[in-house]
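Chain by chain, the residues run as shown.
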Amino acid sequence: SIPQDAIFVGTVDFQSLVEKAGGKQLNDMNMMKRLREEIAKEQNPVSKVTLELMDDPLKSGINFLKRAYFFVDHQGEDPVIGMTCGLTNSADFENMLKKFPVTDSIIQNGELKSLKLEDKALFTWNKEQLIIVGGPKAAGLDDYVKSLFDHSRGSIASATGFSDFNSSKFDIGMFMN
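In this report, we go over the structure that sits alongside the text. What you are looking at is a predicted structure, and each value in this text was computed from that prediction instead of being measured.

Calculation criteria
- Residues numbered from 1 in each chain as written.
- Predicted model: local features only at pLDDT ≥ 70, side-chain atom pairs only at ≥ 80, totals over all residues.
- Heavy atoms only, no water.
- Core = buried A, V, L, I, M, F, W, Y, C linked by side-chain atoms within 4.5 Å.
- Buried < 20%, exposed > 50% of the residue type's maximum accessible area, 1.4 Å probe, protein only.
- Helix = DSSP H or I, 4+ residues; strand = E, 2+ residues; numbered from the N terminus.
- Contact = heavy atoms within 4.5 Å.
- Axes fitted to C-alpha atoms, helices over the stretch in contact; angles between N-to-C directions.
- Parallel < 35°, antiparallel > 145°, perpendicular 65-115°, else oblique.
- Nonpolar A, V, L, I, M, F, W, Y, C, P; charged D, E, K, R; others polar.
- Phe/Tyr/Trp six-rings, centres within 6.5 Å; stacked < 30°, edge-to-face > 60°.
- Polar contact = N/O pair within 3.5 Å; in protein donor to acceptor, adjacent residues only side chain to side chain.
- 1 Å grid on protein atoms, 1.4 Å probe; cavity = no way out; pocket = protein on both sides within 12 Å on 5 of 7 lines; lining within 4 Å.
- Points joined across faces, edges and corners; volume = space filled by probe spheres on them.

Grouped together as the largest cluster of nonpolar side chains are 20 residues, with contacts concentrated most on Ile 2, Val 9, Phe 71, Val 133, Tyr 144, Ile 156 and Phe 162. Of all the secondary structure elements, the ones that give two or more residues to this core are strand S2 (68-75), strand S7 (129-134), helix H5 (141-149) and helix H6 (162-167). The element that contributes the greatest number of residues to this core is H5, accounting for five residues. With residues up to four places along the chain from it excluded, the contact list for Val 9 reads Ile 2, Tyr 69, Phe 70, Phe 71, Ile 156, Phe 162, Phe 165, Gly 173, Met 174 and Phe 175. Core analysis: the second largest hydrophobic core is formed by 15 residues, Cys 85, Met 96, Ala 121 and Ile 132 among them.

Written as structure tokens, this is what we have:
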């Protein structure tokens, strides 16, 4: 869910962009081959996972067949930058996260799981949705994100004009609230 009082909402239709960029032919481009070579030179866990995901992005568990949304909101005086998208497989998403060298642990709270990264960003997901938020004070974001999942915080869907914006067909879009 995107907060009702989000100042800005952006959306990306990854499937449409990839199709327009040439779909499977995109991987055969020299630019992509050079990018793979450069990433492979790094020889670290992040490079290995990145190469795996370049080969098959759906292994991430993220639903790239539906739009992803980005938003800017606030919590008190502090800005909050967020992203939300669907998941095709939450177990695949969690397995992907575990391949990265992070020091923090995944915490389960009811149906929600979360991973805080260096107190700067908070990844929270359930079986169907992922929400990532960050801000200068990630410490207070747990309750903020929980309110987006349980819908105790109003949704942007009720904002004037948002449903028209969201039903429009485009690859990349922006909505100012």
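Moving on to the packing of helix H2 (residues 30-41) against helix H3 (residues 45-55). Running from amino to carboxyl end, H2 crosses H3 at an angle of 155°, the nearest separation of the two axes being 9 Å. Between H2 and H3, the angle is such that the two are roughly antiparallel. Here Met 32, Leu 35, Arg 36, Ile 39 and Ala 40 of H2 lie close against H3, whose contacting residues are Ser 47, Thr 50, Leu 51, Met 54 and Asp 55. Its residues assigned to classes, the contact of H2 with H3 shows six nonpolar, two polar and two charged.

Here Gln 43, not a glycine, exhibits a phi torsion of approximately 50°, which is positive. Structurally, Gln 43 can be placed in the loop between H2 and H3.

The next point concerns the packing of aromatic side chains. With the rule as written, the count across this model stands at six aromatic pairs. Ring centres of Phe 14 and Phe 64 lie 5.7 Å apart, and the angle between their planes is 80°; on these two criteria the pair is classed as edge-to-face. One end of the pair, Phe 14, is in helix H1 (residues 14-21); the other, Phe 64, is in the loop between H3 and S2, and 50 residues separate them in sequence. Among the aromatic residues, those joined into a ring-pair cluster are Phe 162, Phe 165, Phe 170 and Phe 175.

Every buried residue of H5 is listed here: Leu 141, Tyr 144, Val 145, Ser 147, Leu 148 and Phe 149. Where H5 is buried, its residues touch S2, strand S3 (78-86), strand S5 (112-117), strand S6 (121-125) and S7. Positioned one or two residues after H5, His 151 has a phi angle of 65°, which is positive.

Moving on, we get to the side chain of Thr 11. Topologically, Thr 11 is positioned in strand S1 (residues 8-12). Within the structure, the side chain of Thr 11 is placed 3.1 Å from the backbone oxygen of Ala 68, a separation counted as a polar contact. Among all residues touching Thr 11, those that are not within four sequence positions of it are Arg 67, Ala 68, Tyr 69, Phe 165, Phe 170, Asp 171, Ile 172 and Gly 173.

If you add up the space inside the largest pocket, you get close to 750 Å³. Lining the largest pocket we find 22 residues, and of these Val 18, Leu 53, Met 54, Pro 57 and Phe 64 sit closest to its centre. Broken down by secondary-structure element, the contributors of at least two residues to the lining of the largest pocket are H1, H2 and H3. The biggest single contributor to the lining of the largest pocket is H1, with five residues. For the lining of the largest pocket, the per-class residue count stands at twelve nonpolar, five polar and five charged. Here the second largest pocket is characterised by a volume of approximately 280 Å³. Lining of the second largest pocket is provided by 17 residues; of these, Tyr 69, Thr 84, Cys 85, Gly 86 and Gln 129 occupy positions nearest its centre. The element best represented in the lining of the second largest pocket is S3, accounting for three residues. Of the residues contributing to the lining of the second largest pocket, the split by class is seven nonpolar, seven polar and three charged.

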